[in-house]
Amino acid sequence: MVETLEANLGKLAQGDLTSEISEAFSPAYESVKVNFNGAVAELRDLIGTVMESAATIRTGSGEIAQASEDLARRTEANAASLEETSAAVTQMDGRLKATAASASRTVERADGAIATVSGGRGIADEAVQAMTRVADSAKGIDSVIEGLDKIAFQTRVLAMNAAVEAGRAGEAGRGFAVVADLVSALAMRAEEEAGRARDQLTATQTDIVAAVEMVQKVDGALADISGDVAEVHSLLNQMATDNQAQSTAITQISVAIGTMDQTTQQNAAMVEETSAAARNLSGEVAALSEQASKFNVGNGARVAAVRTQVPARPARTAKANTYVSPVKPLPAAAMANGAGSDDWASF
């Protein structure tokens, strides 16, 4: 019995869990045989289960580490894209604010143009009224010239009558005849000057009428310009309001993208920590598999565990808010029931 126990315990010390006592013991020591064989069987089952669980956990932890690394790379890419998007949105916000400010200044200039055009229309109205008064005065002058023309005609008729009477008086009326001739000449000259004045007055009235028409056209053009400027003013005011609303919306979008960027940075740090934890777990499972491979559980199978040293990547520090999470190695029992068959690549 002692020799048999020594031989089987020697095999057990060498990691052979397939050794069982098959020799017959005396009835007094039969319980030793049964207990030894039972302990070896339980130990064999335990080590076999540990080997299978270690292999499963190692596969699962490797997949988790790979998936975490892929997720970390995608998260970092998303963070970079969000940062670029945030910068672009900030530039858009600045340009929209500048456009809104320019539109506001343009609206102010349009107000000034409307005021100037309104003043020009007022001046045009005053010019038309002044020219109308000049035309009325010209009509009065024409009446005066007509009266002077009639007086000159009557004076010339009287001078002719005086000359006739002087001729009748003979030598005594010779001097009076000279005066009558001079008066007649002056009357004719007055008629000629009145005719030239009437011609000039007629030309002046024609020019005044043309000037009034031109001023009225200018007033109509100013009215059209005032209407167009008022419409431009309305459009610019609407553009300024829309740009202000868009600027406010883009500012809110920029704030939201900034928050998303910070959150993505934190998520990237958390994924890096998870990847490091998965790598640590993979290393611990590899060490467990290496220790378990020293035992022979039968069926000619000895687990050839290769312990892979996977360097843990340093935790990524978020740009805005640093997320520091002390990750502790996970216990092996937490992954004992995991089959590790999920497709982590699709995740």
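This write-up is about the structure you can find in this document.

**Examining the overall build of the protein**
Okay, so step 1: Regarding its fold elements, the protein presents three helices and zero strands.
Okay, so step 2: Sorting the 347 residues of the protein into buried and exposed places 28% on the buried side.
Okay, so step 3: For the protein, the exposed area adds up to about 21,600 Å²; of that, 58% sits on carbon and sulfur atoms.

**A closer look at the packing of helix 2 (residues 30-169) against helix 3 (residues 174-292)**
Okay, so step 1: Where helix 2 contacts helix 3, the two axes come as close as 0 Å, and the packing angle between them is 175°. In terms of axis orientation, helix 2 runs roughly antiparallel to helix 3.
Okay, so step 2: Among the residues making up the contact of helix 2 with helix 3, the classes are represented as 70 nonpolar, 31 polar and 21 charged.

**Looking at a nonpolar patch on the surface**
Okay, so step 1: Among the surface-exposed residues, Met 1, Val 2, Tyr 29 and Val 32 lie close enough to one another that they form a single nonpolar patch of about 350 Å² accessible area.
Okay, so step 2: Here Val 2 lies in helix 1 (residues 2-13).

**Notes on the packing of helix 1 against helix 2**
Okay, so step 1: Orientation of helix 1 relative to helix 2, taken along the N-to-C sense of each, is 10°, at an axis distance of 12 Å. Looking at the two axes, helix 1 sits roughly parallel to helix 2. Contact with helix 1, carried on its side by Leu 5, Asn 8, Leu 9 and Leu 12, involves Val 32, Phe 36 and Leu 43 of helix 2 and no other residues of that element.
Okay, so step 2: Partitioned by chemical class, the residues of the contact of helix 1 with helix 2 number six nonpolar, one polar and no charged.

Here is what the cut-offs are and how they apply
- Residues numbered from 1 in each chain as written.
- Predicted model: local features only at pLDDT ≥ 70, side-chain atom pairs only at ≥ 80, totals over all residues.
- Heavy atoms only, no water.
- Helix = DSSP H or I, 4+ residues; strand = E, 2+ residues; numbered from the N terminus.
- Buried < 20%, exposed > 50% of the residue type's maximum accessible area, 1.4 Å probe, protein only.
- Areas by Shrake-Rupley, 256 points an atom, 1.4 Å probe, with all protein chains shown as cover.
- Axes fitted to C-alpha atoms, helices over the stretch in contact; angles between N-to-C directions.
- Parallel < 35°, antiparallel > 145°, perpendicular 65-115°, else oblique.
- Nonpolar A, V, L, I, M, F, W, Y, C, P; charged D, E, K, R; others polar.
- Patch = residues over 30% accessible without salt bridge, like charges linked within 9 Å, V, L, I, M, F, W, Y side chains within 5 Å.
- Salt bridge = Lys/Arg side-chain N within 4 Å of Asp/Glu carboxyl O.
- Contact = heavy atoms within 4.5 Å.

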